[in-house]
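Residue strings, one per chain:
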Amino acid sequence: MNNSLKVLFDEHEVITRAADLAKNAKALIGKNDEEYELTVSELIRFFRIYADQYHHHKEEEILFPEMAKKNELLAEGIIKEMFDNHTYFRDLIRDIEADLEAGDYVEVSLKIDEYTESLLDHIAVEDEEVFQTAYSIFSEDDLDNINFRFMDLDRELGETKKKDFADMLKLLNNPQQVF
Ligand SMILES: [Fe+2]
Ligand SMILES: [Fe+2]
């Protein structure tokens, strides 16, 4: 099978790790608030840059418009739903950041639960439905072309920076290395 969408599946794995870290961070509340605050701010940065700039933009600027061009029903159905989800994630991250600045950790952790649950559902729909549909509607050449554009986008945004964000999650797994 053509492997052109591999980068999106790989990014989903990294984003899923970040979602797990975000969910688990609430254990720090009341025990080490400073570390909780730092961990959540690092994860907000990760979701904004890695998940949104690198990943969602591959979908929003490249994959989804190409799928929409091929099939109008997709454009009005699942693709629209995926775009709406991305907007919801952006808004929620903004709210989480505001609650964190206000020091309302309970609200932060409730919204993080909502965020991570919706994000994981979204990823499952893309992996199991949207990307499978993409494989079925595109030719090999279409898929290769999409993959080249993905690579261009990573180069534009910075490949080293992308790797640094994925590596940062490993440090968050072991807070002593960071703090
Ligand atoms: Fe998405
Ligand atoms: Fe995605």
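Cut-off values and rules
Residues numbered from 1 in each chain as written. Chains lettered and ligands numbered in written order. Predicted model: local features only at pLDDT ≥ 70, side-chain atom pairs only at ≥ 80, totals over all residues. Axes fitted to C-alpha atoms, helices over the stretch in contact; angles between N-to-C directions. Helix = DSSP H or I, 4+ residues; strand = E, 2+ residues; numbered from the N terminus. Parallel < 35°, antiparallel > 145°, perpendicular 65-115°, else oblique. Left-handed = near helix turned anticlockwise from the far one by under 90°. Contact = placed C-beta atoms within 7 Å. Nonpolar A, V, L, I, M, F, W, Y, C, P; charged D, E, K, R; others polar. Expected span 1.5 Å × (residues − 1). Core = buried A, V, L, I, M, F, W, Y, C linked by C-beta atoms within 7 Å. Buried ≥ 20, exposed ≤ 12 C-beta atoms within 10 Å, placed from the backbone.

J.: Explain the packing of helix α1 (residues 6-24) against helix α5 (residues 105-137) residue by residue, including any values.
T.: Packing of α1 against α5 brings their axes to within 10 Å, and their N-to-C directions diverge by 160°. One way to sum up the angle between α1 and α5 is to call them roughly antiparallel. As for how α1 packs across α5, the hand of that crossing is left-handed. Contacts from L8, F9, H12, I15, T16, A19, A22 and K23 in α1 reach I112, D113, T116, L119, L120, I123, D127 and F131 in α5. The residue makeup of the contact of α1 with α5, split by class, is ten nonpolar, three polar and three charged.

J.: A description of helix α6 (residues 140-157) should follow, citing residues and the corresponding values.
T.: Its 18 residues give α6 an end-to-end C-alpha distance of 26 Å, which sits within 8% of 26 Å, the value for a rise of 1.5 Å per residue. Looking one or two residues beyond α6, the residue adopting positive phi is G158, at roughly 110°.

J.: Give a description of the nonpolar core that names residues and reports values.
T.: Taken as a class, soluble globular proteins show a tendency for nonpolar side chains to be buried jointly. In this structure, A18, A22, L43, F46 and F47 are the most contacted members of the largest nonpolar core, which totals 21 residues. Within the residue set of this core, elements represented by two or more residues are α1, α2 (33-70), α4 (78-101) and α5. Sorting elements by how many residues they give to this core places α2 first, with eight residues. The contacts of L43, once residues within four sequence positions are left out, are A18, L21 and A22. One finds L63, M82, A134 and I146 within the second-largest nonpolar core, a separate group that totals 13 residues.

J.: Explain α4 residue by residue, including any values.
T.: Taking 1.5 Å of rise per residue, the 24 residues of α4 would be expected to cover 34 Å, and the 35 Å separating its terminal C-alpha atoms lies within 8% of that figure. Taken together, the buried positions of α4 are I79, M82, I93 and I96. Positive phi shows up at G103, right after α4, with a value of about 75°.

J.: Please set out the environment of E129 residue by residue, giving values where relevant.
T.: Checked against the element boundaries, E129 lands in helix α5. Looking at E129, the number of C-beta atoms within 10 Å reads 12, which means it is exposed. Between the alpha carbons of E129 and H55 there is a distance of 17 Å; along the sequence they are 74 residues apart.

J.: Can you lay out the packing of α1 against α2 for me, pointing to particular residues and giving the numbers?
T.: Packing of α1 against α2 brings their axes to within 11 Å, and their N-to-C directions diverge by 160°. Taken as axis vectors, α1 and α2 run roughly antiparallel relative to one another. Helix-helix and strand crossings are classified by hand; for α1 and α2 the assignment is left-handed. Of the residues in α2, those touching α1 at L8, E11, V14, I15, A18, L21 and A22 are L43, F46, F47, Y50, A51, Y54, H55 and K58.

J.: Which residues make up the environment of Y54, and what are the values?
T.: Topologically, Y54 is positioned in helix α2. The exposure class of Y54 is buried, given the 23 C-beta atoms found within 10 Å. Residues Y54 and D127, spaced 73 residues apart in sequence, show a C-alpha to C-alpha distance of 17 Å. If sequence neighbours within four positions are ignored, Y54 has contacts with E11, I49, D154, L157 and K162.

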